[in-house]
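Architecture at a glance
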Amino acid sequence: MHQFGFFDAFFKWQLIERYFPAIMKGMAVTIEIAFAVVLTGILLGLLLAIARSFRVRPVSALIVLFADMFRALPPLVLVLLVYFGLPNAGIYLPSFAVLWLVLSLVLAAFCEEIFWAGILSIAKGQWEAARSTGLSFLSTLTYVVLPQALRLTVPPITNRTIAITKNTALGTVIGVGEILNQATTAQSFSGNATPLMMGAIAYVVLFIPVVAFGRFLETRFAWRRA
Amino acid sequence: MEAIAQQFFNLAIMERALPLLLTGLKQTILLCLMVVPLGLAGGLLFALLSRSSLAAVRWAAIVGIDFFRAVPPLVLLIFVYSGLPFAGVRPSPFAAVAVAFFLNTSSYYGEIYRAGIESIGIGQWDAARSTGLTVSQTLAYVVLPQAVRNVLPDLVSNTVEVVKLTSIASVVALPELLYSADMARSVTFNTSPLVLAALIYLLLLWPVVRLVSRLERRMAT
């Protein structure tokens, strides 16, 4: 029997069967929060970069302050700060909403910087040429500058988005029922490492295609730029 | 307003928590001093393996890099810390963090080095080799110095990420900065220690984040 110890500890069939539904539920939660974060994070980042392009001093300064803070602070610090802090300020949010809020803000901060770098990379002549044809500032931005700028930002945005959606695992610390949370709960109930192995596999199944896609985008867009 | 200030910026509580947080900060710095060099060295190894002339080695390295980039670091850490005991190995929190971080950060640094090495034209290799340098000499004296220069912003920015990542060591009860702050929070029932920890992280990392932005802008122009 001894030679089966490893498989009994990490791939016990009985436990795989028993905890499969829980891990699938965790996967659904992870996917839901990840999609919500990607949507709000990237949109907010883009809006902030556009707001910054109006170059109103105090507004830009605030945006830079926001972007710097949320890029410098560890996400887990922010998660705990918001989760334990907000109730003290009289605001009660469920833990999944806290996770979504924090990760969206972190993603928005990184995206703002990347979009802004993209906007800056468009030569001044493009602005001048577009404006001289009679386009307004906003039309120039939407029809001339952004279409070119956004193309350049695809690889870095993708990589950053992958890195931040993986942080949904931090939700386990505040009790969000995502994959890692389901896996550690099942592990402590069963006294066996099989659920942890299932959790790790669930993440690999979810993210390997995304990582491979990011790699593909990187080579493709790098080639176009050259 | 007063109540909020009491809950988030309570100076008396911050003062009481500060010594504990400073011992935590020491652990965080120790962790970084171990994890960053390990990751830089492991990353170089990963990058070189992923450019090996043996197809099997090359593929194994690339699969390894993608695998460890796909698994969230916290999952890896918990797997090492609470999974390995079932295989008869019982790592200390510090050892678990070292192993998990080594695998995670090496694969990220590895991708960065790889991009750097690939940015150096094949002509550089040919020229260096034709002067009589060996492959490893070419790598060490010609290719790597230029490659590292080209990807310096990415290397620095990833290092910021690694330093931020050390905060997850709190989950396996390694008494670093965040763990100390959260302990102080649960003892005082007050958020101020967490705010203080956030301020310390900002103090530590804000200048580096600014530096990254400047480096990136300089590379772009």
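Residues numbered from 1 in each chain as written. Chains lettered and ligands numbered in written order. Predicted model: local features only at pLDDT ≥ 70, side-chain atom pairs only at ≥ 80, totals over all residues. Heavy atoms only, no water.

1. Examining the overall build of chain B
Assigned secondary structure in chain B consists of 10 helices and 0 strands. In sequence order, chain B lays out its α and β elements as α-α-α-α-α-α-α-α-α-α. Over its C-alpha atoms, taken along the principal directions, chain B stretches across nearly 70 × 50 × 25 Å. Looking at the 221 residues of chain B, the share that counts as buried comes to 50%. When contacts within chain B are restricted to residue pairs at least 6 apart in sequence, those whose partners lie at least 24 apart make up 75%. (Helix = DSSP H or I, 4+ residues; strand = E, 2+ residues; numbered from the N terminus. Buried < 20%, exposed > 50% of the residue type's maximum accessible area, 1.4 Å probe, protein only. Contact = heavy atoms within 4.5 Å.)

2. Section: the interface of chain B and chain A
Between chain B and chain A, the contact holds 46 residues from the first and 45 residues from the second. Across the chain B to chain A interface the summed buried area is about 4,000 Å²; carbon plus sulfur atoms make up 72%. When the buried surface of chain B facing chain A is broken down by residue, B:F79, B:F86 and B:K164 rank first, second and third, together holding 15% of it. The tally of links from chain B across to chain A stands at 4 salt bridges. One salt bridge in this structure joins B:R210 and A:D68, with 2.6 Å as the shortest N-O distance. (Buried area = accessible area lost by both parts, 1.4 Å probe. Salt bridge = Lys/Arg side-chain N within 4 Å of Asp/Glu carboxyl O.)

3. Topic: the environment of B:F9
Residues and elements named next belong to chain B. Assignment of secondary structure puts F9 in the loop between α1 (2-8) and α2 (11-49). Sequence separation between F9 and L196 is 187 residues; the distance between their C-alpha atoms is 8.3 Å. Apart from the residues lying within four places of it in its own chain, the contact partners of F9 are I4, M14, S192 and V195.

4. Overview of the confidence of the model for chain A
Mean pLDDT over chain A: 90, with 96% of residues reaching 70 or higher. Per-element confidence in chain A is highest for helix α3 (residues 57-72) of chain A, whose mean pLDDT is 96, and lowest for helix α1 (residues 5-10) of chain A, whose mean pLDDT is 78. (pLDDT = per-residue confidence, 0-100.)

5. So, the packing of aromatic side chains
Evaluated as defined, the whole model comprises 8 aromatic pairs over all chains. Here the aromatic rings of A:Y83 and A:F84 are separated by 5.1 Å at their centres, their planes lie at 75°, and the arrangement is edge-to-face. These aromatic residues form a ring-pair network of at least three members: A:F54, A:W127 and A:F137. One Lys or Arg, A:R160, reaches over the ring of A:F110 and ends 3.9 Å from the middle of that ring. Directly above the ring of A:F84 sits B:R185, whose terminal nitrogen or CZ lies 3.3 Å from the centroid. (Phe/Tyr/Trp six-rings, centres within 6.5 Å; stacked < 30°, edge-to-face > 60°. Lys NZ or Arg CZ within 6 Å of the ring centre and 35° of its normal.)

6. A look at a nonpolar patch on the surface
Residues and elements named next belong to chain A. A cluster of nonpolar side chains, namely F6, F7, F11, I201 and V205, defines an oily patch on the protein surface of about 470 Å² accessible area. Taken together, the elements giving at least two residues each to the nonpolar patch come down to α1 and α9 (194-225). If you trace the backbone, V205 turns up in helix α9. (Patch = residues over 30% accessible without salt bridge, like charges linked within 9 Å, V, L, I, M, F, W, Y side chains within 5 Å. Areas by Shrake-Rupley, 256 points an atom, 1.4 Å probe, with all protein chains shown as cover.)

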